[in-house]
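# Coordinate inspection notes
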Amino acid sequence: MKKIHFTDRYLLNPRHPVTVFVIGAGGTGSQVITNLARMSMALQALGHPGLHVTVFDPDTVSQANIGRQLFSETELGLNKAVSLVTRINRFFGYAWTAEPKCFPTKKFSGYDTANIFITCTDNIRSRLEIWKFLKKTRKENFNDYLVPIYWMDFGNSQTKGQVIIGTVREKVLQPSSQEYIPMPKMNVITEEVDYAKIKEKESGPSCSLAEALEKQDLFINSTLAHIGCDILWRMFKEGKTLYRGAYVNLETLKVTAIPV
């Protein structure tokens, strides 16, 4: 029998919009946030309260971002999180929130959290800090509106990348099944990769789009964003998933699913 993960019950029938933190609004993050806006609209059409998203990013829009990331000339010098959220709120009529800073910060208390965390950052340190924060907050007693349940992480090189979603809760209650083997836990990225043993190299900012494309190809971010958001969409729509992520290689046009 195949292994399967059934979506946490609160996300399927919440009393409020499901809260989502997106950390990083650059190449992948700008694509993910736009996909989440469409997903929220679709969920509402199906009778679900939808999503309330908060975006964190301290960076400003540069000339090198325009074209590969979802920003325009008119947004040069503006904060990425503020630009994206303002645009989405105007287009969809949402009241999503932008935080022009890193996450987590010292000012954040245990109650400043969300049901789903999505990281689209380009460094190891941020992932380790977020995992430290999540391990601490999952020990507290929050109401369903705030408790962290899932963490989805995106990472990529120039033409390759991966997306992985895992459970922040040590166990998500699963129904019995005679067709599948229900899995109450899925590893998050920091449980899959020992980042403490990896030496991180700082590539520095790009001065132009051409230089940026030498580091990350044009469609690797959007490809990963669509695959990751499709997994999340099916977890909401179908209430289950057979896959907890995927590896993508644009050089070979190959996508390898990561089973639960």
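Everything discussed here concerns the structure shown above.
Small disclaimer: the values here were computed from a predicted structure and weren't measured.

### What to know about the packing of helix 2 (residues 27–45) against helix 3 (residues 80–92)
For any two helices packed against each other, the geometry comes down to the angle between their axes and how far apart the axes lie. Direction vectors running N to C along helix 2 and helix 3 enclose 25°, while the axes themselves pass 11 Å from each other. One way to sum up the angle between helix 2 and helix 3 is to call them roughly parallel. Seen along the crossing, helix 2 lies across helix 3 with a hand that is right-handed. Touching Ser30, Ile33, Thr34, Ala37, Arg38 and Met41 of helix 2 are Leu84, Ile88 and Phe92, all from helix 3. Residue composition of the contact of helix 2 with helix 3, by class: six nonpolar, two polar and one charged.

### Quick notes on the packing of aromatic side chains
Across all of its chains, the model carries eleven aromatic pairs by this definition. Relative to Trp96, the ring of Tyr94 lies with its centre 4.9 Å away and its plane at 25°, an arrangement referred to as stacked. Of the two residues, Tyr94 and Trp96, neither departs from the other in class, the shared state being buried. Judged by centre distance (5.6 Å) and plane angle (55°), the rings of Phe103 and Phe117 are tilted. Of the two residues, Phe103 sits in the loop between strand 4 (97–99) and strand 5 (116–119) while Phe117 sits in strand 5, which places them 14 residues apart along the sequence. Per residue, the accessibility class of Phe103 equals that of Phe117, and both read buried.

### Some points on the nonpolar core
The biggest cluster of nonpolar side chains holds 46 residues, and the ones touching the most others in it are Leu36 and Ile118. For this core, the element with the highest residue contribution is helix 7 (residues 220–237), accounting for eight residues. The residues contacting Leu36, other than those within four sequence positions of it, are Val20, Val22, Leu51, Val53, Trp96, Ile118 and Leu232.

### Here we look at the packing of helix 2 against helix 7
At a minimum axis separation of 9 Å, helix 2 and helix 7 run at an interaxial angle of 30°. The orientation of helix 2 with respect to helix 7, classified from their angle, is roughly parallel. Two packed elements cross with a definite hand, and for helix 2 against helix 7 that hand is right-handed. Packed against helix 2, whose contacting residues are Gly27, Thr28, Gln31, Val32, Asn35, Leu36, Arg38, Met39, Ala42 and Leu43, the element helix 7 presents Asn221, Ser222, Ala225, His226, Cys229, Leu232, Trp233 and Phe236 at the interface.

### Focus: the sheet that holds strand 8 (residues 181–182)
Here three strands make up an open sheet; going across it, the order is 8-1-9 and the pairing mixed. Two strands close off the open sheet at either side, each with one partner strand: strand 8 and strand 9 (240–241).

### Some details on the sheet that holds strand 11 (residues 254–259)
Within the open sheet, the eight strands sit side by side as 4-3-2-5-6-7-10-11. Their pairing is mixed. Because the sheet does not close on itself, it has two edges, and the strands there are strand 4 and strand 11. In this sheet, adjacent strand axes meet at a mean angle of 15° when their direction is disregarded. For strand 2 (residues 18–23) and strand 5, the ladder comprises four bridges, and the chain directions are parallel. Counted as the bridge partner of Val22 is Ile118 from strand 5. Seen against the sheet, helix 3 touches strand 3 (51–56) and strand 4 and runs at an angle of roughly 170° to strand 4. Most of the contacts of helix 4 (residues 124–137) go to strand 6 (residues 150–156), to which it runs at about 175°, and overall it touches strand 2, strand 5 and strand 6.

Conventions and cut-offs
Residues numbered from 1 in each chain as written. Predicted model: local features only at pLDDT ≥ 70, side-chain atom pairs only at ≥ 80, totals over all residues. Heavy atoms only, no water. Axes fitted to C-alpha atoms, helices over the stretch in contact; angles between N-to-C directions. Helix = DSSP H or I, 4+ residues; strand = E, 2+ residues; numbered from the N terminus. Parallel < 35°, antiparallel > 145°, perpendicular 65-115°, else oblique. Left-handed = near helix turned anticlockwise from the far one by under 90°. Contact = heavy atoms within 4.5 Å. Nonpolar A, V, L, I, M, F, W, Y, C, P; charged D, E, K, R; others polar. Phe/Tyr/Trp six-rings, centres within 6.5 Å; stacked < 30°, edge-to-face > 60°. Buried < 20%, exposed > 50% of the residue type's maximum accessible area, 1.4 Å probe, protein only. Core = buried A, V, L, I, M, F, W, Y, C linked by side-chain atoms within 4.5 Å. Pairing = 2+ DSSP bridges.

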